[in-house]
Amino acid sequence: MRSLFGFSKSEDAATKTSEKVAHDSAPTDSVENKSDAPAIQPVFDCETSDGPLQEIRPLSEDEKNVFDKIKTEIPELIKDLPPIDPEALKFIDKDVPLDIEGWLTDECIARYVRARKGVYEDTKKALRKTIEWRASTRPHALRPDVVEIENRTGKMYLNGFDKFSRPVIYMYNHKQNTKEADNQIRWVIYTLEMCIRHMRPGVEKVTLAIDATHWGFSNSVSIGTAKKFLEILANHYPERLGRAVIFMPPRFFVAFYTLVSPFIDPVTKAKVAFVNPNAADDAQTQTDNSSSPWIQVEDCFDRSKLEKDCYGNWEFQYNHAVYWPAVETEFAQLKENMLQNEKEKQQAREQEEGQEQHNERQLEEQSKEQPEEQKQNA
């Protein structure tokens, strides 16, 4: 059975060969991003908001009860964690701390409660499953050099924020350049983790800006890879998708979506949106209660901060020589921050232990002094 970051022993020999073939067989003219693209730095941090933050649904009373119960069981949830998967060690920086306590915030627990419809047992199992997954695979510690091949063409990456301050992941499927499914998934996870790190307070979701202008079966990911990604998103990143905006979807795609949409969960359906930037300004706008998936660009984006390739006015074009050093710098800063936090926690623990030992010595001294005082009084 294949794991996310590695393969079973029976596949080990084939893995190295397939990875080499995937890397070496990518078309030379498409693997390397054009060096003549403008040297514009990517935007990873949200400094201002152009509009209100997307409202996060408050927990119901029943959900609050589940939330409170889960909170009391955190020590149980995080004990006896599995070691790092030996296969995962090939892809991660093992010096980056785990910090499950830092990941397991109130907001995190609330997302799992919502995603599991407030069912206590389901919520607890889902949280434990993700905690074990994060402990064994360390998705936040994936090394940039492992996934660098995946984005040499700029097929998918974090860059900027939408009108609700949600990080935007641009997806240009026609720039697909690799075949190795597991590494494609690693890059998706790396990008999601990066988005989460750069969410401002009050923001919990991401927006996908998908350019479907050149979409076709020949340049899309396999159904198996797509299914695997959706499973990871549902199991380990619940309630993280804010909007999936598809620009210029082909007619056959719209027709297919129209047929299957009645069977899609209403919450999920409300997150899918189509955009035709060339349509009239009075095109129907989608709200959470609207049956139409069509929206205007301005419903979700500020055109001045939307890439030109996605019909915005921002002149940004992906330049690997500019973008990737920014990714490496961001990861180095993450590692430095997490190591510093771990050091401070260790110092706090040592200080607490020292205080406890000091208190114990004082109690011992007091207990020794009491009999002497009793003798003197007698």
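Since this is a predicted model, take the numbers as computed values, not measurements.

**A closer look at the sheet that holds strand S1 (residues 156-161)**
An order of S1-S2-S3-S4-S5 is seen for the five strands of this open sheet, with the pairing classed as mixed. Each of the sheet's edge strands pairs with one partner strand only, and the pair in question is S1 and strand S5 (272-275). Strand-to-strand twist across the sheet, computed as the mean angle between neighbouring axes with direction ignored, equals 25°. Of the pairings in the sheet, the one linking strand S4 (residues 241-247) to S5 comprises four bridges and is parallel in character. Its bridge partner lying in S5, Ala244 is registered against Val272. Packing of helix H9 (residues 181-197) onto the sheet brings it into contact with S1, strand S2 (167-172) and strand S3 (206-211), and relative to S1 it is tilted by some 15°.

**What about the confidence of the model for the protein chain?**
Per-residue confidence for the protein chain gives a mean pLDDT of 85; residues scoring 70 or more make up 81%. Taken as a whole, residues 1-31 scores under 50 in pLDDT and shows 48 contacts with residues more than four places along the chain or in a different chain.

**A few points about the packing of helix H3 (residues 61-72) against helix H6 (residues 106-115)**
Orientation of H3 relative to H6, taken along the N-to-C sense of each, is 130°, at an axis distance of 10 Å. Taken together, H3 and H6 sit at an angle that is classed as oblique. In this structure, H3 meets H6 at a crossing whose hand is right-handed. Counting all contacts with H3, which are made through Glu63, Val66, Phe67, Ile70 and Lys71, the residues of H6 involved are Asp106, Ile109, Ala110, Val113 and Arg114. Grouping the constituent residues of the contact of H3 with H6 by class yields six nonpolar, no polar and four charged.

Cut-off values and rules
Residues numbered from 1 in each chain as written. Predicted model: local features only at pLDDT ≥ 70, side-chain atom pairs only at ≥ 80, totals over all residues. Heavy atoms only, no water. Pairing = 2+ DSSP bridges. Helix = DSSP H or I, 4+ residues; strand = E, 2+ residues; numbered from the N terminus. Axes fitted to C-alpha atoms, helices over the stretch in contact; angles between N-to-C directions. Contact = heavy atoms within 4.5 Å. pLDDT = per-residue confidence, 0-100. Parallel < 35°, antiparallel > 145°, perpendicular 65-115°, else oblique. Left-handed = near helix turned anticlockwise from the far one by under 90°. Nonpolar A, V, L, I, M, F, W, Y, C, P; charged D, E, K, R; others polar.

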